[in-house]
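# Structure at a glance
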Amino acid sequence: MEDYHKPDQQTVQALRNIANRLRINSIKATTAAGSGHPTSCCSVAEIMSVLFFHTMKYHPQDPRNFNNDRFILSKGHAAPALYAMWVETGFLKETELLSLCQVDSMLESHQTPVNCHNTTNNNLWNHHMETNCCVFVLCTFQKQRFVDVTTGFLGQGLGVACGMAYTGKYFDKSSYRVYCLLGDGEMSEGSVWEAVSFASYYQLDNLVAIMDVNRLGQSDAAPLQHHVEKYQKRYEAFGWNTIIVDGHSVEELCKALSQPRYQPTAIIAKTIKGKGIPAAEDKLGWHAKPLPKDMAEMVTKDLQGRITNSSKRLYPTSPTEDSPPVSLRNIRMPSAPSYKAGEKIATRKAYGTALAKLGRYNERVVVVDGDTNNLTCSEIFKNEHPNRFVECYVAQQNMVSVAMGTAARDRNVVFASTLASLFTRAYDQLRMAAITESNINLCGSHCGLSIGEEGPSLMGLEDIAMFRALPTATIFCPSDGVATEKAVELAASTKGVCYIRTSRQDSAVIYNSNEDFHVGQAKVVYQSKDDQVTVVAAGVTLHEALAAAEHLKKERITVRVIDPFTIKPLDVKTIMDHTRATRGRVITVEDHYYEGGLGEAVCSAMVNQSGFNLQRLAVSHVPRSGKPQELLKVYGIDRDAISQAVRKMLSSSTNAK
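Figured I'd write up the structure that's included with this text. Here the residue numbers are simple positions, counted from 1 along each chain's written sequence. Owing to the predicted nature of the model, reporting of local features is limited to residues with pLDDT of at least 70; listing and counting of side-chain atom pairs is limited to 80 or more, with chain, interface and lining totals taken over all residues. With hydrogens and water set aside, each side-chain value is computed from the structure's full complement of heavy atoms.

## Side note on unusual backbone geometry
Here the amide bond leading from Lys 568 into Pro 569 is cis, since omega sits at -5°, within 30 degrees of zero. Numbering of helices and strands runs from the N terminus; a helix is a DSSP stretch of H or I covering at least four residues, while a strand is a stretch of E covering at least two. Following the sequence through the fold, Pro 569 ends up in the loop between strand S17 (566-568) and helix H20 (572-581). At Cys 101, a residue that is not glycine, the phi angle is positive and equals roughly 70°. Counting through the fold element by element, Cys 101 comes out in the loop between helix H4 (79-88) and helix H5 (119-130). The phi angle at Arg 556 is positive, at roughly 65°, despite the residue not being glycine. Counting through the fold element by element, Arg 556 comes out in the loop between helix H19 (540-553) and strand S16 (559-563). Looking at Arg 556, the relative accessible area reads 76%, which means it is exposed. Each residue is assigned to one of three classes by its accessible area relative to the maximum for its type, calculated with a 1.4 Å probe on protein chains only: buried under 20%, partly exposed between the two thresholds, exposed over 50%.

Encoded structure:
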């Protein structure tokens, strides 16, 4: 420990004072809000004090500076302590803490980053313009820059921290460190141990996890309670350096956090939940309960009495300015797609080829995968750009979290790929990515029935519904190689969560290489002036619709075929205009369950419209194994089923007359 310089007594006392002010302000904020977790805030007070005023290096007035150390509060319910800490740095005003959880405040119960340019927030801004609150709201929008990700759901922060640490070590090659504060309750989440394994495998010696072992959870004690040696053995089994400390000892925390690091480090801090609140210390029944006003006043008075006069004022250490500047603007393909009409290629292969092409001209394009790179075809990128490919193995939850961390602070353009069906495992993480307004791009391969013989457990038949429910999501459903390459290019510059749906089997190229694509703009790929029915289809079923159109043409039945390209946002105007041209007759066809897919998206667009006759073709129940083309026929979404649906619709129209 020759590098360790023991803090002098004035520094120790100043850190203790900060910790007690954190308790006071956390209690005041949660009592004023009538909501929050003051006991969870109180157990981390010394940890936060030492981190922010002894260990971490950062510019306090510029929280998102690229050179700053990163801090992730995985136990997000202790957010008031984080806000109180930024009061200590001078970045927030103490009076602003009292706005916690109010509708016109951006200080949420669980911290959430705010993007001033987001549509939702612009609506909020407009609302407050009308109610004369705009100055305050703008102020709080700007001041949430110290939050990188939402961590309201326990078990996700360490995975995000892994992505940040990986970026710092391998992409930025910078000296900044990443600190993640976890609760002992979330150690029951498997996603935490996925992250622990990832950090060890990649030797993330710039990552420090601090565990707040305060023993108590929501309704009961945590499984290991205060047996900190058991946590130590578990981390050590994964290859981490571990240190047990008294979490309320400023001296022990300073010493532990100052140790040189050659591997990821876990500081296991034994703490008391509700420390400083005599009635609640180490007692069940106080989780998520703000103190009554009279109790809060009594406790804060007692805590203020513990703050001694100290002439020493602490300031954070400035970081080393060695993080490279990064620009993610104008990320474009250098040339048009090289596919020729009629050429056959699977959209999953076109995805991998597009990634490699995009990566040639921007060194911040990063791809992560979950041991499926030979299926998703991200191996094409891996083979060409191995230093920017991150293998997350079979840990899809951690893969999405790592993607979020890698994309944080706009350091990289990140694509994460796995089988479409496997994203269901990571829906918690996808929700948090949407709430965080994270810019991550996801690709689900082998969607729908295309995985064929592998059976229903691996068929992605609910993925569109999943992503449609995310408020910031854009869903691309490309139908050929050209559209896939364009989807990859557009996703790279589209804000929010982007999802690209790709198929297993080869399909013919239908678009010219110079075709222009835009988010929310559909393509009319087959039409004549006397069309009788509009068919809307995407991916595999678009090719079935085109085959049906050719077949029906021999029967003198003409149909119009539309490729939506993006299912969210849906090009409602194009679909409605062309459906009106076919006398309101429209059929949707999708390689997806009925619930939440393309058909429901079109149906929602027509819900308040009259004069439309809509029929939906989709997979109606859990399918069986089989060859993809056979399955399309069995479940009624192939060319024959489409042809039959068109005939039936026209017949019923004739009979109605």
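## Remarks on the pairing of strand S1 (residues 70-73)
Burial along S1 is two-sided: the face carrying Arg 70 and Ile 72 and the face carrying Phe 71 and Leu 73 are both buried. As defined by bridge partners, S1 adjoins strand S2 (residues 178-183) across four bridges and the pair is classed as parallel. Residue pairing across strands places Arg 70 opposite Val 178, the latter belonging to S2. Strand pairing is assigned whenever DSSP identifies at least 2 bridges connecting the two strands.

## A short note on the nonpolar core
It is characteristic of soluble globular proteins that their nonpolar side chains tend to be buried jointly. By nonpolar core is meant a set of buried Ala, Val, Leu, Ile, Met, Phe, Trp, Tyr and Cys residues that side-chain atoms within 4.5 Å join together. Judged by nonpolar contacts, the single largest core of 78 residues is most densely connected at Leu 158, Leu 207 and Phe 467. Looking at this core, the element that brings in the most residues is helix H7 (residues 157-171), giving eight residues. The contact rule is simple, with two residues in contact once any of their heavy atoms fall within 4.5 Å. Setting aside chain neighbours within four positions, we find Phe 467 in contact with Phe 423, Leu 430, Leu 442, Ala 473, Ile 475, Val 497, Tyr 499 and Lys 568. If you look at the next biggest cluster of nonpolar residues, it comprises 51 residues, including Tyr 58, Leu 73, Ala 256 and Leu 314.

## Topic: the packing of aromatic side chains
Each Phe, Tyr or Trp ring, with Trp reduced to its six-membered ring, pairs with another whose centre is within 6.5 Å; inter-plane angles below 30 degrees give stacked pairs, above 60 give edge-to-face pairs, and intermediate values give tilted ones. Scanning the entire structure with this criterion turns up 24 aromatic pairs. Their ring planes at 70° and their centres at 5.7 Å tell us that Trp 86 and Phe 91 sit as a pair that is edge-to-face. With relative accessibility at 5%, the residue Trp 86 sits in the buried group. With a relative accessible area of 11%, Phe 91 lands in the buried category. On the basis of an interplanar angle of 85° and a centroid distance of 5.0 Å, the ring pair of Tyr 511 and Phe 517 is categorised as edge-to-face. You'll find Tyr 511 and Phe 517 in the same group, each marked buried. Look at NZ for Lys and CZ for Arg. If either is within 6 Å of the ring centre and within 35 degrees of the ring normal, a charge sits over the ring. Looking at Arg 70, its charged tip hangs above the ring of Tyr 176, at a distance of 3.7 Å from the centre.

## Thoughts on helix H16 (residues 427-436)
Because each turn of an α-helix spans 3.6 residues, side chains separated by three or four positions in sequence point in the same direction. What H16 keeps buried is the set Gln 429, Leu 430, Met 432, Ala 433, Ala 434 and Thr 436. Buried residues belonging to H16 abut helix H8 (190-201), helix H15 (396-407), strand S10 (440-445) and helix H17 (463-468). Just downstream of H16 lies Glu 437, where phi reads positive at about 65°.

## Observations concerning the sheet that holds strand S9 (residues 413-419)
Spatial strand order, S8-S7-S9-S10-S12-S11-S17: seven strands in an open sheet with mixed pairing. The sheet terminates laterally at strand S8 (389-391) and S17, the two strands that pair on one side only. In this sheet, neighbouring strand axes are inclined to one another by 20° on average, regardless of whether the strands run parallel or antiparallel. Relative to strand S12 (residues 498-501), strand S11 (residues 474-476) runs parallel, the two being bridged by three bridges. Residue pairing for S12: Thr 474 is matched across the bridge by Cys 498. To get an axis, fit a line to the C-alpha atoms, keeping to the stretch in contact for a helix; angles then go from 0 to 180 degrees between the N-to-C directions.

## Concerning the packing of helix H3 (residues 45-55) against H4
Running from N to C, H3 and H4 cross one another at 35°; their axes reach a closest spacing of 11 Å. The crossing of H3 and H4 is right-handed. Residues Met 48, Ser 49, Phe 52 and Phe 53 of H3 touch H4, and the partners they reach there are Ala 81, Leu 82, Met 85, Trp 86 and Glu 88. In this classification, Asp, Glu, Lys and Arg are treated as charged, Ala, Val, Leu, Ile, Met, Phe, Trp, Tyr, Cys and Pro as nonpolar, and every other residue, Gly included, as polar. For the contact of H3 with H4, the residue count by class is seven nonpolar, one polar and one charged. By convention, the crossing between two helices is left-handed when the near helix turns anticlockwise from the far helix through less than a right angle, and right-handed when the turn is clockwise.

## Brief notes about the sheet that holds strand S3 (residues 207-213)
Within a sheet, neighbouring strands are paired by backbone hydrogen bonds and run either parallel or antiparallel to one another. The sheet built from five strands is open, its strands ordered S1-S2-S3-S5-S4 with parallel pairing. In this open sheet, the two strands that pair with only one neighbour each are S1 and strand S4 (241-246). Each strand of the sheet is rotated relative to its neighbour by a mean of 20°, with strand direction disregarded. In terms of strand pairing, S4 meets strand S5 (residues 265-270) through six bridges, oriented parallel. In the sheet register, Thr 242 faces S5, and the bridge partner there is Ala 266. Across the sheet, H3 is in contact with S1, S2, S3 and S5; its angle to S2 comes to roughly 175°.

## As for the pairing of S9
Counted residue by residue, S9 has seven buried out of seven residues, so it is predominantly covered. Across five bridges, the pairing between strand S7 (residues 365-369) and S9 is parallel. The residue bridging Asp 369 from the neighbouring strand is Ser 417, located in S9. Relative to S10, S9 runs parallel, the two sharing six bridges. By the bridge assignment for S10, Thr 418 is matched with Gly 444. Consider the strands pointing away from the viewer: the crossover is right-handed when the path from the first strand over the helix to the second runs clockwise. Viewed along the sheet, the connection from S9 through H16 into S10 turns out right-handed.

## Points about the pattern of salt bridges
A carboxyl oxygen of Asp or Glu within 4 Å of a side-chain nitrogen of Lys or Arg is what we treat as a salt bridge. This model, assessed by the stated rule, comprises 25 salt bridges. Note that Arg 364 and Asp 172 form a salt bridge whose closest N and O atoms lie 2.6 Å from each other. Of this pair, Arg 364 sits in the loop between helix H12 (347-360) and S7 while Asp 172 sits in the loop between H7 and S2, and the two are 192 residues apart along the sequence. Each member of the pair Arg 364 and Asp 172 is classed as buried. Across the pair Arg 360 and Glu 384 runs a salt bridge, and its minimum N-O distance is 2.4 Å. Pair noted here: Arg 360 is in helix H12 and Glu 384 is in helix H14 (residues 379-384), with a separation of 24 residues, a long-range link. Residues joined by salt bridges that share partners form a network here, namely Arg 64, Asp 148 and Arg 409.

Any functional reading would require information beyond the geometric quantities listed.
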